[in-house]
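# Survey of secondary and tertiary structure
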Amino acid sequence: MIRKLLVFVCVFNLTSCAELQDVVNNLPQGGTVLSNADIGSGLRQALDLGIEKQVSKLTAENGFFKNDLVRILLPEELQKVDKALRDIGLDKLADEGLKVLNRAAEDAVSEATPIFINAVKGITFNDAKNILLGSDDAATLYLSGKTQTELYAKFKPVINNSFSKVGADQIWSNLITKYNAIPFTNNVNPDLTDYVTGEALKGVYTMIAVEEKEIRNKVSSRTTSLLQKVFALQD
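No experiment lies behind these values; they were computed from the predicted model shown.

Rules used throughout
- Residues numbered from 1 in each chain as written.
- Predicted model: local features only at pLDDT ≥ 70, side-chain atom pairs only at ≥ 80, totals over all residues.
- Heavy atoms only, no water.
- Helix = DSSP H or I, 4+ residues; strand = E, 2+ residues; numbered from the N terminus.
- Buried < 20%, exposed > 50% of the residue type's maximum accessible area, 1.4 Å probe, protein only.
- Contact = heavy atoms within 4.5 Å.
- Areas by Shrake-Rupley, 256 points an atom, 1.4 Å probe, with all protein chains shown as cover.
- Axes fitted to C-alpha atoms, helices over the stretch in contact; angles between N-to-C directions.
- Parallel < 35°, antiparallel > 145°, perpendicular 65-115°, else oblique.
- Nonpolar A, V, L, I, M, F, W, Y, C, P; charged D, E, K, R; others polar.
- Left-handed = near helix turned anticlockwise from the far one by under 90°.

## A few points about the overall build of the protein chain
Scanning the protein chain from N- to C-terminus turns up ten helices and zero strands. Along the chain direction, N to C, the helices and strands of the protein chain fall in the order α-α-α-α-α-α-α-α-α-α. Looking at the 235 residues of the protein chain, the share that counts as buried comes to 49%. The long-range share in the protein chain, meaning contacts at least 24 apart out of those at least 6 apart in sequence, stands at 82%. A total accessible area of about 11,800 Å² is found for the protein chain, and carbon and sulfur atoms account for 52% of it.

Set out below in structure tokens:
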């Protein structure tokens, strides 16, 4: 999906998109010629579809927690915390600690989605041409490489606020305090905001890759006539 979305940047630049438009004009369209405006509208539809079908899933309750593709697990340092607490009968607290990490990511993605959409618009036409010829996740890999640093900087404070919002900060403070009080254990003080921010970003890219592959490979995923015409360019 994203490789098609990348052409969105070019739609409003007639010079940069001349090559793409030549291809469009030479495709059989049943008497209909696709204009740059048509291509732009089709790509907006694809963007809306990707957000609605995939990224928006992450914002729902259990969007991360019950999605095996993106569920946030404990970092290695906290796995020993989890085990130690379960060994002394604090299973419920350990379960809740894992759940609230995912809840913070679910809460944050809804606020950070516009940041991701804006990042997509910065991709050039030359980038798009290369991506169109790439693998099923070429666009997603490109976006990850180009946007991850900027997105991380903007995502982290959102995650930090989400920790407070869903109560993760209090739960983990209590959990780590109890662990550190266990005799013969080494104290831990992990940067959970940093960890969950990174995992949440991975989750967003993972779900975008899912939709990219769907629209690249399945005509049935192009759910409007305009999507079908626009994405015929890559077939």
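Here the narrative resumes.
## Focus: the packing of helix 4 (residues 76–87) against helix 8 (residues 168–180)
Packed helices, taken two at a time, are described by their axes: the angle between them and the distance between them. Two numbers describe how helix 4 lies on helix 8: the axes approach to 10 Å, and their chain directions differ by 75 degrees. In terms of orientation, helix 4 and helix 8 fall into the roughly perpendicular class. Touching Leu78, Lys80, Val81, Ala84 and Leu85 of helix 4 are Trp172, Leu175, Lys178 and Tyr179, all from helix 8. For the contact of helix 4 with helix 8, the per-class residue count stands at seven nonpolar, no polar and two charged.

## Concerning the packing of helix 7 (residues 138–166) against helix 9 (residues 192–217)
Axis separation between helix 7 and helix 9 bottoms out at 8 Å; the angle between their running directions is 140 degrees. With respect to their mutual orientation, helix 7 and helix 9 come out oblique. The handedness of the crossing between helix 7 and helix 9 is right-handed. Looking at the contact of helix 7 with helix 9 residue by residue, the class counts come to 15 nonpolar, eight polar and four charged.

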